[in-house]
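Here is what each chain is made of, one letter per residue.
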Amino acid sequence: MSARPKKSFGQHFLHERRYIERIVSAISPRPTDFLVEIGPGEGALTFPLLTAAGKLTAIELDTDLIPHLQANSASVGELSIIHADVLKVDFTALAQRQGVSHLRIAGNLPYYISSPILFHCIDHAAAITDMHFMLQKEVVDRMAADPGSKVYGRLSVMLQLACRVEPLFDVPPGAFRPPPKVDSAVVRLVPLAAEARHDADPERVYAIVKAAFAQRRKTLGNALRQLMDADAIRLADVDPKARAETLAPEDFVRLAKVTTAS
Ligand code: SAM
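Residues numbered from 1 in each chain as written. Predicted model: local features only at pLDDT ≥ 70, side-chain atom pairs only at ≥ 80, totals over all residues. Heavy atoms only, no water.

Topic: the sheet that holds strand E7 (residues 163–171)
Spatial strand order, E4-E3-E2-E5-E6-E9-E7: seven strands in an open sheet with mixed pairing. With one partner strand each, in any of the chains shown, strand E4 (78–83) and E7 form the two edges of the open sheet. The average undirected angle you get between the axes of adjacent strands in this sheet is 20 degrees. Each of strand E2 (35–38), strand E3 (55–60), E4 and strand E5 (103–108) is contacted by helix H4 (residues 91–98), which is oriented at about 125 degrees to E5, the strand it contacts most. (Pairing = 2+ DSSP bridges. Helix = DSSP H or I, 4+ residues; strand = E, 2+ residues; numbered from the N terminus. Axes fitted to C-alpha atoms, helices over the stretch in contact; angles between N-to-C directions. Contact = heavy atoms within 4.5 Å.)

Structure follows, in structure tokens:
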């Protein structure tokens, strides 16, 4: 199939075999896995994954791509297609419906909604074994950044509080049809075990991280003024004169806990 890729759906179809093979080998699918692919497109990853795992659930928003996926999967394995916006798919309920405790999620993501998809997935982290995503390289760099780095920010903190972030390899624009304007990279995300996850109110953590990085050149005392005062910041063992980019992810958890308790 060679449909005209739709810009509005963020369609950049992967065609270079060696990158397809590297992604499938990084995922290393097994027949016991419950695999979920976000945005199967024309099936570049779907068919090799299906061959290896025997079954796969794919979530695709573009109706026009579904007949091709259905027609070509019959001889390969058991493909279930959920025709929906991935942001509306409840992964925890999907795992429960399938009678499995965990899903393995993969996808060459539509870049126009990559951050909302990442946040949606981490909301369901407890029902996910791992995720392998193709994203803009710049986004992967932000996800994996350490405190002090120029690109360390909201995405780095929120992702690292939920998952181990492991950048795997870069993929050049020429590997896709049409080529995107940016470089891409594949990343593995492994949700933290229950005992390693923080126990602060997730909405409070998010509000603090968002406010802290919205004005990243300001001191925390100023940036968090609407949420907590300097004394509360000190109670969390954080210097109100520090800037958000110098704080480790756990520092934001402590800030969230102080305010929740008061
Ligand atoms: N996996 C294919 C590949 O590697 O060639 C296609 C990847 S393409 C970058 C992104 C895919 O996500 C497209 O098939 C697109 O139609 C689909 N998509 C876009 N927005 C979506 C959404 N909100 N929910 C589910 N799928 C979506």
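Points about the nonpolar core
Counting residues in hydrophobic clusters, the biggest one holds 61 residues, and the most contacted among them are Phe91, Phe133, Met143, Leu189, Phe252 and Leu255. Shared between two domains, this core holds at least three residues of each, these being domain 1 (7–195) and domain 2 (202–261). Not counting the four nearest positions on each side in its chain, leucine 255 is found in contact with Ile208, Leu224, Met228, Ile233, Ala236, Val238 and Leu247. Listed in part, the 24 residues of the second largest apolar core include Ile20, Ile27, Leu45 and Ala53. (Core = buried A, V, L, I, M, F, W, Y, C linked by side-chain atoms within 4.5 Å. Buried < 20%, exposed > 50% of the residue type's maximum accessible area, 1.4 Å probe, protein only. Domains from an automatic or database assignment.)

Section: the site of the ligand
Surrounding the ligand, one finds 24 residues, the nearest of these being Gln11, Leu14, Gly39, Glu60 and Asn108. Here a nitrogen atom of the ligand and a backbone polar atom of leucine 61 are 3.5 Å apart. Asparagine 108 places a side-chain nitrogen or oxygen 2.8 Å from an oxygen atom of the ligand. Its free accessible area being 590 Å², the ligand has 99% of it covered by the protein chains. Looking at side-chain class alone, the shell around the ligand contains 14 nonpolar, six polar and four charged residues. (Near = heavy atom within 4 Å. Polar contact = N/O pair within 3.5 Å; in protein donor to acceptor, adjacent residues only side chain to side chain. Areas by Shrake-Rupley, 256 points an atom, 1.4 Å probe, with all protein chains shown as cover. Nonpolar A, V, L, I, M, F, W, Y, C, P; charged D, E, K, R; others polar.)

Some thoughts on the packing of aromatic side chains
One pass over the structure, following the stated rule, counts three aromatic pairs. When the centroid spacing of 5.9 Å and the interplanar angle of 80 degrees are considered together, the rings of phenylalanine 119 and tyrosine 206 count as edge-to-face. Taken as a pair, phenylalanine 119 in helix H5 (residues 114–123) and tyrosine 206 in helix H8 (residues 202–214) lie far apart in primary sequence, 87 residues in all. Ring centres of tyrosine 152 and phenylalanine 213 lie 5.9 Å apart, and the angle between their planes is 80 degrees; on these two criteria the pair is classed as edge-to-face. Taken together, the positions of tyrosine 152 in the loop between helix H6 (137–144) and helix H7 (154–162) and phenylalanine 213 in helix H8 put the pair 61 residues apart, joining distant regions of the chain. Side by side, tyrosine 152 and phenylalanine 213 carry an identical accessibility label, which is buried. (Phe/Tyr/Trp six-rings, centres within 6.5 Å; stacked < 30°, edge-to-face > 60°.)

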